[in-house]
Amino acid sequence: MTVVEENRTPGDELADTPGATGRAHSHGAGTVPDASRAARRTSFEVADFAVPTGREEEWRFSPFARIKALFEVAAAESAPALEVSAPEGVEVRSGSLEEVGAGTGFVPGDRVAAAAWQAGGQAHLVRIPAEAELDEPVLLTLRGTGGATSGHLVVDAGRHSRATVVLDHVGSGTHRGGVEVRAGDGAQLTFVTLQEWDSGAVQVSQQDVLVGRDATVKHFAVTLGGDVVRLSTNVRYAAPGGDAQCLGLYFSDAGQHLEHRLFVDHEATHCKSYVEYKGALQGETARSVWIGDVLIRAAAEGTETYELNRNLVLTDGARADSVPNLEIETGEIVGAGHASATGRFDDEQLFYLQSRGLAEADARRLVVRGFFADILQRIGVPAVQERLLATIETELETTMPAAAGATVPAAGSSTMPAPAGGQQTDAEKAEEN
Amino acid sequence: MATLEIRDLHVSVEADGGSKEILRGVDLTIRSGETHAIMGPNGSGKSTLAYSIAGHPKYEVTGGSVTLDGEDVLEMSVDERARAGLFLAMQYPVEVPGVTVSNFLRTAKTAIDGEAPKLRTWVKDVRSAMEGLRMDASFAERNVNEGFSGGEKKRHEILQMELLRPKFAILDETDSGLDVDALKVVSEGVNRVRQGNDVGMLLITHYTRILRYITPDFVHVFVDGKVAEQGGPELADALEESGYDRFLTPAAG
Ligand SMILES: Nc1ncnc2c1ncn2[C@@H]1O[C@H](COP(=O)(O)OP(=O)(O)OP(=O)(O)O)[C@@H](O)[C@H]1O
Ligand SMILES: [Mg+2]
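Reading the values: the criteria
- Per chain, residues are indexed from 1 in the order of the written sequence.
- As a convention, the first chain written is A and the first ligand written is 1, with the rest following in written order.
- For a predicted model such as this one, the threshold for reporting local features is a pLDDT of at least 70, and the threshold for listing and counting side-chain atom pairs is 80 or more; totals across whole chains, interfaces and linings nevertheless cover every residue.
- Excluding hydrogens and water, the side-chain values take into account all heavy atoms of the structure.
- In this description a helix means any DSSP run of H or I spanning at least four residues, a strand means any run of E spanning at least two, and both kinds are numbered starting from the N terminus.
- In this scheme, a residue with accessible area under 20% of its type's maximum is buried, one over 50% is exposed, and one in between is partly exposed, where area comes from a 1.4 Å probe on protein chains only.
- Whether two residues are in contact is decided by their heavy atoms, any of which lying within 4.5 Å being enough.
- Fitting a line to C-alpha atoms yields each axis, with helices limited to the stretch in contact; the angle taken between N-to-C directions then spans 0 to 180 degrees.
- When an angle is under 35 degrees it counts as roughly parallel; over 145 it counts as roughly antiparallel; between 65 and 115 it counts as roughly perpendicular; any other value is oblique.
- Two helices crossing with the near one rotated counterclockwise from the far one by less than a right angle form a left-handed crossing, whereas a clockwise rotation gives a right-handed crossing.
- For salt bridges, the criterion is a side-chain nitrogen of Lys or Arg within 4 Å of an Asp or Glu carboxyl oxygen.
- Throughout this entry, Asp, Glu, Lys and Arg are counted as charged residues, while Ala, Val, Leu, Ile, Met, Phe, Trp, Tyr, Cys and Pro are counted as nonpolar. The remaining residues, Gly among them, count as polar.
- One heavy atom suffices: a residue is near a molecule or strand as soon as one of its heavy atoms comes within 4 Å of it.
- Between N or O atoms, a polar contact is any pair within 3.5 Å; within protein, one atom must be a potential hydrogen donor and the other a potential acceptor, and residues adjacent in sequence are included only when both atoms are from side chains.
- In this scheme, strands are said to pair when DSSP sees at least two bridges between them.
- Water is not among the atoms examined, so metal sites may look incomplete; donors are the N, O and S atoms within 2.8 Å of the metal, or within 3.2 Å for Na, K and Ca.
- Remark: nonpolar core denotes a set of buried residues (Ala, Val, Leu, Ile, Met, Phe, Trp, Tyr, Cys) joined through side-chain atoms within 4.5 Å.
- Pairs were defined over the aromatic rings of Phe, Tyr and Trp, the Trp ring being its six-membered one, requiring ring centres within 6.5 Å. Orientation was assigned from the angle between planes: stacked under 30 degrees, edge-to-face over 60, tilted for the rest.
- By definition here, charges over rings are those cases where NZ of Lys or CZ of Arg is within 6 Å of the ring centre and within 35 degrees of the ring normal.
- Exposure above 30% relative accessible area and no salt bridge define the residues that can form patches, which grow by joining like charges within 9 Å and nonpolar side chains of Val, Leu, Ile, Met, Phe, Trp and Tyr within 5 Å.
- Areas reported as accessible are Shrake-Rupley estimates using a 1.4 Å probe. Residue values count occlusion only from the protein chains shown.
- Lys and Arg are tallied as positive, Asp and Glu as negative. Neither His nor the chain termini are counted.
- Charged groups are reduced to one reference atom each: NZ for lysine, CZ for arginine, CG for aspartic acid, CD for glutamic acid.
- When the sulfur atoms of two cysteines come within 2.5 Å, that pair is taken as a disulfide.
- For a helix, the expected span equals 1.5 Å multiplied by the number of residues minus one.
- The angle separating two fitted axes, one through the seven residues that finish at a residue and one through the seven that start at it, defines the bend at that residue.

S.K.: How should the overall build of chain B be read in this particular structure?
M.R.: From N to C terminus, chain B includes eight helices and twelve strands. Oriented by its inertia axes, the alpha-carbon framework of chain B measures out at about 65 × 40 × 40 Å. Burial analysis of chain B (253 residues in total) assigns 55% to the buried set. Contacts spanning at least 24 positions in sequence make up 71% of the contacts within chain B whose residues lie at least 6 apart.

S.K.: Would you take a moment to explain the packing of helix α4 (residues 119–132) of chain B against helix α5 (residues 150–164) of chain B for this structure?
M.R.: Two packed helices can be described by the angle between their axes and the distance between those axes. Residues and elements named next belong to chain B. In contact at an axis separation of 10 Å, α4 and α5 are set at 140° when each is read in the N-to-C sense. Relative to α5, the element α4 is oriented oblique. Every pair of crossing elements has a handedness; the one defined by α4 and α5 is right-handed. Contact residues: α4 offers Trp122, Asp125, Val126, Ala129 and Met130, while α5 offers Leu159, Glu162 and Leu163.

S.K.: What is the right way to read the interface of chain B and chain A from this model?
M.R.: By convention, interface size is frequently given as the accessible area that disappears when the constituent parts associate. At the junction of the two partners, chain B supplies 42 residues and chain A supplies 29 residues. Remark: the boundary between chain B and chain A carries one salt bridge. For Glu157 of chain B, the salt bridge goes to Arg356 of chain A, with nearest N and O atoms at 2.7 Å. Those elements giving two or more residues to the side of chain B that touches chain A turn out to be α1 (46–54), β4 (59–68), α2 (78–84), β6 (86–89), β7 (96–100), α3 (101–113) and α5 of chain B. Sort the elements by how many residues they give to the side of chain B that touches chain A and α3 of chain B lands first, with six residues. Tallied by class, residues from the side of chain B that touches chain A come to 24 nonpolar, nine polar and nine charged.

S.K.: I keep staring at the site of ligand 1 and nothing clicks. Help me out?
M.R.: Residues and elements named next belong to chain B. In the region of ligand 1, 17 residues are neighbours, and Ile22, Gly43, Lys46, Ser47 and Thr48 sit closest. Residue Ser44 places a main-chain N or O atom 3.2 Å away from an oxygen atom belonging to ligand 1. One of the backbone N or O atoms of Ser47 is found 2.8 Å from an oxygen atom in ligand 1. Elements with a contribution of two residues or more to the shell around ligand 1: β1 (3–15), β2 (18–31) and α1. Residues that form the shell around ligand 1 fall into these classes: five nonpolar, seven polar and five charged.

S.K.: What is the right way to read the sheet that holds β1 of chain B from this model?
M.R.: Adjacent strands of a sheet pair through backbone hydrogen bonds, lying either parallel or antiparallel. All names here are of chain B. Strands sit in the order β2-β1-β4-β5 across an open sheet of four strands; the sheet is antiparallel. This sheet does not close on itself; its edge strands, each paired only once, are β2 and β5 (71–72). Relative to β2, β1 runs antiparallel, the two being bridged by eleven bridges. Residue Glu14 lies in a different strand from β2, and its bridge partner there is Ser19.

S.K.: Please clarify how the pattern of salt bridges should be interpreted in this entry.
M.R.: Oppositely charged side chains can pair when the atoms bearing their charge come close. Under the defined criterion, the tally for this structure stands at 37 salt bridges over all chains. Here Arg387 of chain A and Asp168 of chain A are joined by a salt bridge, their closest N and O atoms 3.1 Å apart. Here the residue Arg387 of chain A occupies a position in helix α5 (residues 382–407), and Asp168 of chain A occupies one in strand β7 (residues 162–183), the gap between them amounting to 219 residues. Here Arg192 of chain B ties to Glu162 of chain B by a salt bridge, and the two come within 3.1 Å at their closest N and O atoms. Here the residue Arg192 of chain B occupies a position in helix α6 (residues 180–196), and Glu162 of chain B occupies one in helix α5, the gap between them amounting to 30 residues. Here Arg192 of chain B falls in the partly exposed class, since its relative accessible area comes to 33%. Taking relative accessible area as the criterion, Glu162 of chain B reaches 14% and is therefore assigned buried. Sharing partners across several salt bridges, the network here consists of Asp110, Arg230, Glu259 and Arg261 of chain A.

S.K.: I would appreciate a short explanation of the coordination of the magnesium ion (ligand 2) in the present structure.
M.R.: Six octahedrally arranged donors around a metal ideally form angles of 90 or 180 degrees; four tetrahedrally arranged donors ideally form angles of 109.5 degrees. All names here are of chain B. For the magnesium ion (ligand 2), the full set of protein donor atoms is Ser47 (OG) and Gln91 (OE1), and the range of their distances to it is 2.0 to 2.4 Å. Here Gln91 lies in the loop between β6 and β7 and Ser47 lies in helix α1, a separation of 44 residues in the sequence. Accessibility classification places Ser47 together with Gln91 in one group, the buried group.

S.K.: Would you take a moment to explain the nonpolar core for this structure?
M.R.: Note that soluble globular proteins tend to have their nonpolar side chains buried in a common cluster. Grouped together as the largest cluster of nonpolar side chains are 118 residues, with contacts concentrated most on Phe251, Val368 and Ile379 of chain A together with Leu9, Leu49, Met161 and Leu171 of chain B. It is helix α4 (residues 360–377) of chain A that provides the largest number of residues to this core, a total of eight residues. For Leu9 of chain B, the contacting residues outside a window of four places in its chain are Leu23, Arg24, Gly25, Val26, Leu49, Ser52, Val61, Gly63, Gly64, Ser65, Val66 and Leu74 of chain B. Formed by 48 residues, the second largest nonpolar core is a distinct cluster that contains Val90, Leu153, Ala187 and Ala244 of chain A.

S.K.: I keep staring at the packing of aromatic side chains and nothing clicks. Help me out?
M.R.: For any pair of aromatic rings, the description consists of the separation of the ring centres together with the inter-plane angle of the planes. A complete count under the given rule lists eleven aromatic pairs over all chains for this structure. Their ring planes at 50° and their centres at 4.8 Å tell us that Phe44 of chain A and Trp117 of chain A sit as a pair that is tilted. A residue pair is termed long-range when its members are at least 10 positions apart, and Phe44 of chain A in the loop between β2 (23–26) and α1 (64–67) and Trp117 of chain A in helix α2 (residues 111–119) qualify at 73 residues. The residue whose ring lies beneath Arg142 of chain B is Phe139 of chain B, and the NZ or CZ to ring-centre distance is 4.9 Å.

S.K.: So what exactly am I meant to see when it comes to a negative patch on the surface here?
M.R.: Together, Asp69, Glu71, Asp72 and Glu75 of chain B line one region of the surface with negative charge. Looking at the secondary structure, you find Asp69 of chain B in the loop between β4 and β5.

S.K.: Any chance you could explain the state of the cysteines here in plain terms?
M.R.: Structurally, a disulfide amounts to a covalent bond that connects the sulfur atoms of two cysteines. Residues and elements named next belong to chain A. Tallied over the full model, the rule gives zero disulfides over all chains. Summary of cysteine pairing: Cys246 is not part of a disulfide, and the nearest cysteine sulfur, belonging to Cys271, is at 13 Å. Overall, the relative accessible area of 1% leaves Cys271 in the buried class.

S.K.: Explain the sheet that holds β6 of chain B to me, please; I cannot follow it from the model alone.
M.R.: Residue and element names in this part refer to chain B. If you trace the six strands from one edge of the open sheet to the other, you get β6-β9-β10-β3-β11-β12, paired in mixed fashion. With one partner strand each, in any of the chains shown, β6 and β12 (226–231) form the two edges of the open sheet. Put simply, the sheet's adjacent strands are angled 20° from each other on average, direction ignored. Examined bridge by bridge, β6 and strand β9 (residues 168–172) share four bridges and lie parallel to one another. Bridged to Leu88 within β9 is Ile170.

S.K.: How do you make sense of unusual backbone geometry when you look at a structure like this?
M.R.: Comment: phi is negative for the bulk of residues other than glycine, and the bulk of peptide bonds are trans. Within the chain, Asp214 of chain A stands out as a residue other than glycine whose phi angle is a positive 55°. Considering the arrangement of structural elements, one finds Asp214 of chain A in the loop between β9 (202–211) and β10 (216–223). Even without glycine at this site, Asp69 of chain B takes up a positive phi of about 50°.

S.K.: Hey, could you run me through the side chain of Glu173 of chain B in this one?
M.R.: Residues and elements named next belong to chain B. Secondary-structure assignment places Glu173 in the loop between β9 and α6. Take Glu173: its relative accessible area is 7%, and that puts it in the buried class. Once you skip the residues sitting within four places of it in the chain, Glu173 turns out to touch Lys46, Gln91, Lys154, Ile204, Thr205 and His206.

S.K.: Sorry if this is basic, but what is going on with α4 of chain A here?
M.R.: In an α-helix, one full turn covers 3.6 residues, which means residues spaced three or four apart are oriented alike. Residue and element names in this part refer to chain A. Between the first and last C-alpha of α4 there are 25 Å, a value that for 18 residues agrees with the 26 Å anticipated at 1.5 Å per step. Remark: the principal bend of α4, roughly 30°, maps to Phe371. Across the 18 residues of α4, 13 count as buried, placing the element largely inside the fold.

So this is what it looks like as structure tokens:
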């Protein structure tokens, strides 16, 4: 068994600028006061969850004032519109939670998710028949129109099916959404959730993934829009041999709070999980939170898991929290590890590119593009990848020139203060248990 | 015919809260077609000179001037200097994750020329330059400097120089860390650029080894932040014999 626990400081690729006020926080395992992640309550009853105060471990990172309305069942008035484009053979239905068969692969894990469940409203089912192999992705667009909405989506991939399902969140309003992804035995499913809200939107969602025997599920989260997005993704395995990959990408601008919480619960034997999230932040009040909980229960022999979070802080004042947490209850595993690194923009990279003729804004764009390139490619839907890349570039374009002016004088760099490259950030060292 | 002129250049770095002077009055004139070797012991300020000319923000110019055909280089931003025709092959090139060599080269070429290169000739140019440097074609699809060996990084620097065609190239210890075969390959690349273009070259090195393959027109011995002695190629031979020792004892008077 190998346990790799590292909290890499980014001297190699993400260098720091001394004297900068940008905060980059990173906590190792051990700072989480919960006895065990397994002890966290799940229930369909709102009443089983006390109204949070904001001091709880699971809420303390969230912008409380902006989400507290979502703790009440009554918060939702309507169901959001869902536009569907699905290849032949895929079953798409809407109805009540009961009618779409929700709840076999999903249990609310916090007050908001339970309130959304209880609010009911319209639920949707996307079912890929057993052994179907889809050449085209199923495209779902959830369009908010300014109000408060709740919704639930079930994605049911039959055994040995192969499919990609993309859920795109766009528009405005406040949304609580439950997503229930169930992959049957031997299924290969890619589920992509895109948060491309207009500014002002608030979303708190829980997405549960149930991985069948020998099934392979890729859960891909991309969060670029909205004012507040808090997305909790929970992975469980129904039987041995499952393989889950949770990949994610976020770009937080001034005023945005983008929070991704992962929980991979290993109980079945011989399952694999791999988590990788990458985020960039720019702007004074840009904020991101990444929580990566992995639990390997005593029964989960033969588990292999790795999780990684990497943040690139582009401007002063932005803050990225990164909390990997690995709990291991059995020694009979193949491997387990995590890494977390939060770094500032690398001045040496910038200099290298500029010395090859690239204007500073172009150099920054290239670095950020490069930072996201490999993870973006793994979505596997070229049209979506291209659109997201274009969105990222637009964000960089609109805000970077201003950001650039703050750190480097426009003309003549001979009087620049020293930004020694290759130094460590204030990312804390791993606290090992 | 272009001229790069360095006059009484003083440069400091910020260290331990104070300012530390590293270049203490450098004078150097390089013209198109000339190759100048700068030789000096570790820590004498060779890289500082190279970075200062290229405009690295870490180095503060406290006095003197650098001009390119009379234009004030020190007033230019880093990328403006590159577009004006200056090129620095770095001693320690940095990685740029997620950016392929091929994308990087094309982006740089476009930036330097102010327009995208013609696709067909460009692809051919890149391929033949890579072949000349014995770089496998697969390098084009690898990320810039990521996982490159020391020698591969240096070849990649020379590749850029060949493709970007600068007016003046500064090669900072391009020879260090290369075995004899790699040294020959890299030297051939440098010589191709010297023959093909009317480039002025500043070859920074610690050892005389590379000068067997690239014959300089002038040799400058760099000690303690300035040029201590200059001469022709024979000065390099003298250094080979006696080393830097005689320059290191402070002259009386
Ligand atoms: N950022 C810095 N902070 C403090 N000192 C520095 C800094 N950069 C350079 N120096 C110092 O300046 C001096 C000259 O360094 P430089 O790298 O220019 O030498 P060099 O001649 O290139 O040496 P080498 O042959 O080892 O490459 C050294 O004493 C070095 O420690
Ligand atoms: Mg040096």
